[in-house]
Amino acid sequence: MTNTVAVDLGARSYQVRIGEGLIARAGAEIAPLLRRKRVAVVTDETVAAAHLPALTDALAAEGISATALALPPGEGTKNWENLARCTEWLLEQKVERKDVVLALGGGVIGDLVGFSAAILRRGVRFVQLPTSLLAQVDSSVGGKTGINTAQGKNLVGAFHQPSLVLADIGVLSTLPGRDFLSGYGEVVKYGLLGDAAFFDWLERDGPALRDGDTAARLRAVTRSVEMKAGIVSRDETEEGERALLNLGHTFCHALEKATGYGDRLLHGEGVAIGCALAFELSARLGLCSQEEPSRVRAHLAAMGMKVDLSDIPGDLPGTEALIALMEQDKKVVDGRLRFILARGIGQAFVAEDVPGEAVRAVLDEAMARRR
Ligand SMILES: NC(=O)c1ccc[n+]([C@@H]2O[C@H](COP(=O)([O-])OP(=O)(O)OC[C@H]3O[C@@H](n4cnc5c(N)ncnc54)[C@H](O)[C@@H]3O)[C@@H](O)[C@H]2O)c1
């Protein structure tokens, strides 16, 4: 079964197709977009080993020839050096304005290749073939592309919408468990920010989904994409509502920076911890009851996920240093701390000017739990 979600953006509208076996049908899905039967695929080495042959076979079955570049896996790849490498490789492959570039991989590949496609010949079309849960439910949809720099994450990039997204949930079976759960952090985020019934369902069926239930995975990815597509359609460039997707991210980005964007804390793990802290902050500000952050934590724990600062191995800087890192985040507007807070599960909103003392108190308590 394949579900289709439309991202409605006028002339830049596209479909997100979600189902099992979509890579094996990629040639037929992509062929209508092509002016000539030739594509360039960019992926990472891990994904290439597991899924590139299936993709090139599927393309060949429709008479589409493909050249491929496999970059090293991991967040470290999302940098200037690999942007240059990818873009120059695409030029060497003689990719023209009317051609289509395929991004096969997780969020790192999607963000990097999407950005490369945005600047190549002032913009060529690209198709996202997201292979991680995080990329399927979040990063492949919505057109945010970019790289990290020494100054921070995702500080250089462009809005460049894909022409099509093919989310093959079958490929999630080769995703390491930790990466799967990291992506699940973003799935939970959708329930927390705007769909309490979805969160109820995740509390019930999350464990089955984690353990490989295909129907549950299809439902979770589809609902997440529906929510993202709806928000992006209403607010493509984050003038308002799209900021809700940053629930948990102000904490997350500070923690990622403090831990060096590496193996100590994956992005979705930081999002999950950040969501729990955002609910904690909301309760402290009297916006929701203390039961709500407890319920968030209980679900993350039941899934076997990182829940709190105490689950992050190694040293962390203190509260003041974390707040300083938050202030460097691009979500800071005119030096004011902007958070996504919640009046309850499924009821997030953008809060400007959050009192620093409340943030400090939440972080102090979380630091105390580490001891
Ligand atoms: N553009 C956006 O809107 C947006 C939204 C959220 C996150 N992001 C970005 O996404 C990135 C994180 O994405 P990610 O978690 O997918 O990281 P990732 O791309 O590094 O993938 C995680 C790991 O899983 C491996 N992998 C991916 N698919 C696999 C599969 N099917 N089988 C086996 N291994 C597989 C990769 O090789 C990698 O080692 C971050 O850079 C984050 O900033 C972007």
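Right above here is the structure, for reference.
Throughout what follows, the structure given in this document is the object of discussion. (Residues numbered from 1 in each chain as written. Predicted model: local features only at pLDDT ≥ 70, side-chain atom pairs only at ≥ 80, totals over all residues. Heavy atoms only, no water.)

### Some remarks on the overall build of the protein chain
Item 1. The helix and strand tally for the protein chain stands at 13 helices and 11 strands.
Item 2. The C-alpha atoms of the protein chain give a radius of gyration of 20 Å, which matches the 21 Å a tight globule of 371 residues would have.
Item 3. Viewed in the frame of its principal axes, the protein chain has a C-alpha envelope of about 60 × 40 × 40 Å.
Item 4. Out of the 371 residues in the protein chain, the part that is buried amounts to 58%.
Item 5. Taking the intrachain contacts of the protein chain between residues at least 6 apart in sequence as the baseline, contacts between residues at least 24 apart amount to 74%.
Item 6. When the accessible surface of the protein chain is split by element, carbon and sulfur atoms take 50% of a total near 14300 Å². (Helix = DSSP H or I, 4+ residues; strand = E, 2+ residues; numbered from the N terminus. Rg over C-alpha atoms; globule rule 2.2 N^0.38 Å. Buried < 20%, exposed > 50% of the residue type's maximum accessible area, 1.4 Å probe, protein only. Contact = heavy atoms within 4.5 Å. Areas by Shrake-Rupley, 256 points an atom, 1.4 Å probe, with all protein chains shown as cover.)

### Points about the site of the ligand
Item 1. Neighbouring residues of the ligand: 26 residues in total, closest Asp44, Gly107, Thr131, Ser132 and Thr174.
Item 2. Within the contact set of the ligand, an oxygen atom lies 3.5 Å away from a side-chain nitrogen or oxygen of Lys228.
Item 3. Taking 860 Å² as the accessible area of the ligand by itself, protein coverage stands at 90%.
Item 4. Contributing elements (two or more residues each) for the shell around the ligand: α2 (45-60), α4 (107-119), α5 (133-139) and β8 (152-159).
Item 5. Here the residues of the shell around the ligand sort into 7 nonpolar, 10 polar and 9 charged. (Near = heavy atom within 4 Å. Polar contact = N/O pair within 3.5 Å; in protein donor to acceptor, adjacent residues only side chain to side chain. Nonpolar A, V, L, I, M, F, W, Y, C, P; charged D, E, K, R; others polar.)

### Quick word on the layout of surface pockets
Item 1. Taken as a whole, the second largest pocket holds about 310 Å³ of empty space.
Item 2. Lining the second largest pocket we find 16 residues, and of these Val124, Arg125, His160, Gln161 and Ser163 sit closest to its centre. (1 Å grid on protein atoms, 1.4 Å probe; cavity = no way out; pocket = protein on both sides within 12 Å on 5 of 7 lines; lining within 4 Å. Points joined across faces, edges and corners; volume = space filled by probe spheres on them.)

### Re the sheet that holds strand β5 (residues 100-105)
Item 1. Strand order in the open sheet formed by 7 strands is β1-β2-β9-β6-β5-β3-β4, with mixed pairing between adjacent strands. The open sheet has two edge strands, β1 (2-7) and β4 (65-71), and neither has a second partner. On average, adjacent strands in this sheet sit at an angle of 20° to one another, irrespective of strand direction.
Item 2. Pairing between β1 and strand β2 (residues 14-19): 6 bridges, direction antiparallel. Its bridge partner lying in β2, Thr2 is registered against Gly19.
Item 3. Where α2 meets the sheet, its contacts fall on β3 (38-44), β4, β5 and β6 (125-130), and the angle it forms with β3 comes to roughly 160°.
Item 4. Running at roughly 165° to β5, α4 makes contact with β3, β4, β5 and β6 of the sheet. (Pairing = 2+ DSSP bridges. Axes fitted to C-alpha atoms, helices over the stretch in contact; angles between N-to-C directions.)

### What about the side chain of Ser140?
Item 1. Here Ser140 lies in the loop between α5 and β7 (144-149).
Item 2. Ser140 gets classed as buried once you look at its relative accessible area, which sits at 1%.
Item 3. In this view, Ser140 contacts Gln128, Pro130, Ala135, Pro162 and Val165; residues no more than four positions away in its chain are not counted.

### Let's talk about the packing of aromatic side chains
Item 1. As enumerated under the stated definition, the model contains 2 aromatic pairs in all.
Item 2. Where Phe198 meets Trp201, the ring centres are 5.9 Å apart and the plane angle is 15°; that geometry is what we call stacked. Placement of both Phe198 and Trp201 in helix α7 (residues 196-210) is noted, with a separation of 3 residues, approximately one turn of the helix. By the burial criterion, Phe198 is buried, and Trp201 matches it.
Item 3. Seen from their ring centres, Phe251 and Phe339 are 5.2 Å apart, and the 50° between their planes marks the pair as tilted. (Phe/Tyr/Trp six-rings, centres within 6.5 Å; stacked < 30°, edge-to-face > 60°.)

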